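Coordinate inspection notes
Listed here are the chains, written in short residue letters.
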Amino acid sequence: MEGFYGFPYSVEDRLSLMEYMKDNKLNMFVYGPKGDPYHLGNGKDDYPTSVTDEQRKEGQITQDEMKQLTAKAAECNVDFVWSAHPAMQEGIDFTSEAGITQGVTDLMTKFEHMYELGVRQFGIFVDDISNDYATSTCDMQIYMLNQVQEQLYAKYNGEGSAPEDQVKGLFFTPAWYTTGSSGASSNLPKFQQLHEDIEICFTGSDVFSSISNSSATTFKNWIGRTPVMWWNYPVNDNRDAQLFMQPMGTNYSVENNIQNMGGLLSNPMNQAEASKVAIFGVADYSWNTGDFDAQKNWEAVFATYSDDPEVQDAIRTFATYSATSGDKSGVNSLFNAYRNAVNEGTDPNNAEAIKTEMNKIIDACNTVLALEDGDDAALAHFADAVGP
């Protein structure tokens, strides 16, 4: 789920992630970066045939590059879901029938453009709009979604259409996407009127939340179908001073034997290669939530970065110290013991242990930084993204 705020991923980032998804049996890439003006803002416009260097730095891409992404997704057996956000910034007027009619026409025109670029599944987001506006236009949103779904099926899934030319059901992100959202319990049951093929996602009990049976079951009961979880992990657009590369469950708890959830999508960090630690965990967990072992999974992920033991160890050390929270393999305990000894007027006996650990960190960082000049493109991207 590329759904974060900030600069979107580069084409190279996405291609690398899709290869990683193929290797680890992940099957859906939802495209919805808030920083892409053709997703949010200029959503009615076609993707351009060319972009400037400055636009490319900001994450804008061309039609040919979008074709490259959809072709790569098909090659990797990944469903590429291109999403529109028609509720903000030049969005649909949900307050009138005329506004909805025009909005459906605009969406279908844009989806036709994206279909020509290889997209075979579409998403519609109405998240992050005001609760008052969402509540007052709830019925209109439902009408709009059903109209778009029916028109997509009529256009592309008619009798005699080849399977590869058909489209799948819409992927929908509602305004009330948590079980704690004000108005969720009264408004979400209305969405049981949606076409049965439309997938509805939620983020859990809060915007950033743990994975729990209780929140999945509550949401399912409201919408009358099994939801897909848009898990805001390891996304760091709200805390961009750190990276989340520690074992799954370190920041948000993860229940085993999860029920009433149709799928799990990871909203990654702005740093694509660093996000592979969490994505590897999501893949492992999703295949068998009952037997998932977070620590064993984390120990295994570094071999997916490189065959070189030295590089694996360096990335493991870097990942251990990448976040600002946690005890960092006991180093905080070492510091505290040293500080307490000094404050008590006794001779600290763990200075060498502290220096050993700090030198280990320094060596790891130097090894990671050197990857930027290496031959492995993915590792070079990783080093570039996490470096100074």
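For the structure itself, consult the block above.
First, a word on scope: everything that follows refers to the structure included in this document. (Residues numbered from 1 in each chain as written. Predicted model: local features only at pLDDT ≥ 70, side-chain atom pairs only at ≥ 80, totals over all residues. Heavy atoms only, no water.)

Before going further, it helps to spend a moment on the pairing of strand 6 (residues 228-231). The alternating pattern of strand 6 places Val228 and Trp230 on one face and Met229 and Trp231 on the opposite face, and all of these are buried. Here strand 5 (residues 199-202) runs beside strand 6; their pairing, made up of two bridges, is parallel. Across the sheet, Phe202 pairs through a bridge with Met229, a residue of strand 6. Running through helix 8 (residues 213-223), the crossover from strand 5 to the neighbouring parallel element strand 6 is right-handed. Strand direction decides the pairing type here: strand 6 and strand 7 (residues 263-266), joined by four bridges, are parallel. Bridge pairing in strand 7 links Val228 to Gly263. (Buried < 20%, exposed > 50% of the residue type's maximum accessible area, 1.4 Å probe, protein only. Helix = DSSP H or I, 4+ residues; strand = E, 2+ residues; numbered from the N terminus. Pairing = 2+ DSSP bridges. Right-handed = clockwise from strand over helix to strand, strands pointing away.)

Moving on: the environment of Asp240. Mapped onto the secondary structure, Asp240 falls in the loop between strand 6 and strand 7. A C-alpha to C-alpha distance of 8.5 Å links Asp240 and Asn270, two positions 30 residues apart in sequence.

The next thing to look at is the sheet that holds strand 1 (residues 28-31). Strand order in the open sheet made by the seven strands is 1-2-3-4-5-6-7, with parallel pairing throughout. On the outer flanks of this sheet lie strand 1 and strand 7, each paired with one strand and no other. Pairwise comparison of adjacent strand axes, ignoring direction, gives a mean angle of 25° for this sheet. Along the sheet, helix 1 (residues 11-23) contacts strand 1 and strand 2 (79-84); its crossing angle with strand 1, the most-contacted strand, is approximately 155°. Each of strand 3 (121-125) and strand 4 (171-173) is contacted by helix 6 (residues 138-156), which is oriented at about 170° to strand 3, the strand it contacts most. (Axes fitted to C-alpha atoms, helices over the stretch in contact; angles between N-to-C directions. Contact = heavy atoms within 4.5 Å.)

Among the residues of helix 10 (residues 294-301), those classed as buried are Ala294, Asn297, Trp298 and Val301. Buried residues of helix 10, seen end-on, are gathered within an arc of 100° and therefore sit on one face of the element. Those residues of helix 10 that are buried lie in contact with helix 1, helix 9 (276-287) and helix 11 (309-320). For helix 10, the N-terminal cap is Asp293; the gap from its side-chain oxygen to the backbone nitrogen of Gln295 is 3.2 Å. (Arc of directions from axis to C-beta. Polar contact = N/O pair within 3.5 Å; in protein donor to acceptor, adjacent residues only side chain to side chain.)

This brings us to the environment of Lys34. Mapped onto the elements, Lys34 comes out in the loop between strand 1 and helix 2 (53-57). Along the primary structure Lys34 and Lys67 are separated by 33 residues, whereas in three dimensions their C-alpha atoms are 20 Å apart. Those residues in contact with Lys34 that lie beyond four places of it in its chain are Gly3, Phe4, Tyr5, His39, Leu40, His85, Asp127, Asp128 and Trp230. There is a polar contact of 3.4 Å between the side chain of Lys34 and the side chain of Asp127.

What follows concerns the layout of surface pockets. What the largest pocket holds in volume is close to 630 Å³. Along the walls of the largest pocket sit 28 residues, with Leu26, Asn27, Leu264, Leu265 and Ser286 positioned nearest its centre. Those elements giving two or more residues to the lining of the largest pocket turn out to be helix 1, strand 1, strand 7 and helix 9. The element best represented in the lining of the largest pocket is helix 9, accounting for six residues. When grouped by side-chain class, the residues that make up the lining of the largest pocket number 18 nonpolar, six polar and four charged. (1 Å grid on protein atoms, 1.4 Å probe; cavity = no way out; pocket = protein on both sides within 12 Å on 5 of 7 lines; lining within 4 Å. Points joined across faces, edges and corners; volume = space filled by probe spheres on them. Nonpolar A, V, L, I, M, F, W, Y, C, P; charged D, E, K, R; others polar.)

Turning our eyes to something else, we now look at the side chain of Glu65. Its location among the elements puts Glu65 in helix 3 (residues 63-75). What makes Glu65 buried here is its relative accessible area of 14%. Side-chain polar atoms of Glu65 contact the backbone nitrogen of Thr62, separated by 2.9 Å. Ignoring sequence-local partners within four residues, the contact set of Glu65 consists of Val11 and Arg56.

A few words on the pairing of strand 3. Most of strand 3 sits inside the fold, with five of its five residues counted as buried. On strand 3, burial covers both faces: Gln121, Gly123 and Phe125 on one face and Phe122 and Ile124 on the other are all buried. In the sheet, strand 2 pairs with strand 3 via four bridges, with the strands oriented parallel. When the bridges of strand 3 are listed, Trp82 appears paired with Phe122.

What follows is about empty space enclosed by the protein. For the coordinates displayed, the defined rule picks out one cavity of 30 Å³ or more. For the largest cavity, the calculated volume is near 30 Å³. Along its surface, the largest cavity is lined by Tyr233, Gln246, Pro247, Met248, Val277, Ala278, Gly281, Asn297 and Trp298. Of all the secondary-structure elements, those providing two or more residues to the lining of the largest cavity are helix 9 and helix 10. Sort the elements by how many residues they give to the lining of the largest cavity and helix 9 lands first, with three residues.

Cis geometry marks the peptide bond from Tyr233 to Pro234; its omega dihedral reads 10°. In this structure, Asn77 is a non-glycine residue whose phi angle is positive, near 60°. Inspection of the secondary structure puts Asn77 in the loop between helix 3 and strand 2. The phi angle at Asp128 is positive, at roughly 65°, despite the residue not being glycine.

Our focus in this paragraph is the environment of Ser96. You can see Ser96 is positioned in the loop between strand 2 and helix 4 (97-116). Sequence-wise, Ser96 and Thr137 are 41 residues apart; in three dimensions their C-alpha atoms are separated by 9.1 Å. A polar contact is formed between the side chain of Ser96 and the backbone nitrogen of Gly99, at a distance of 2.9 Å.

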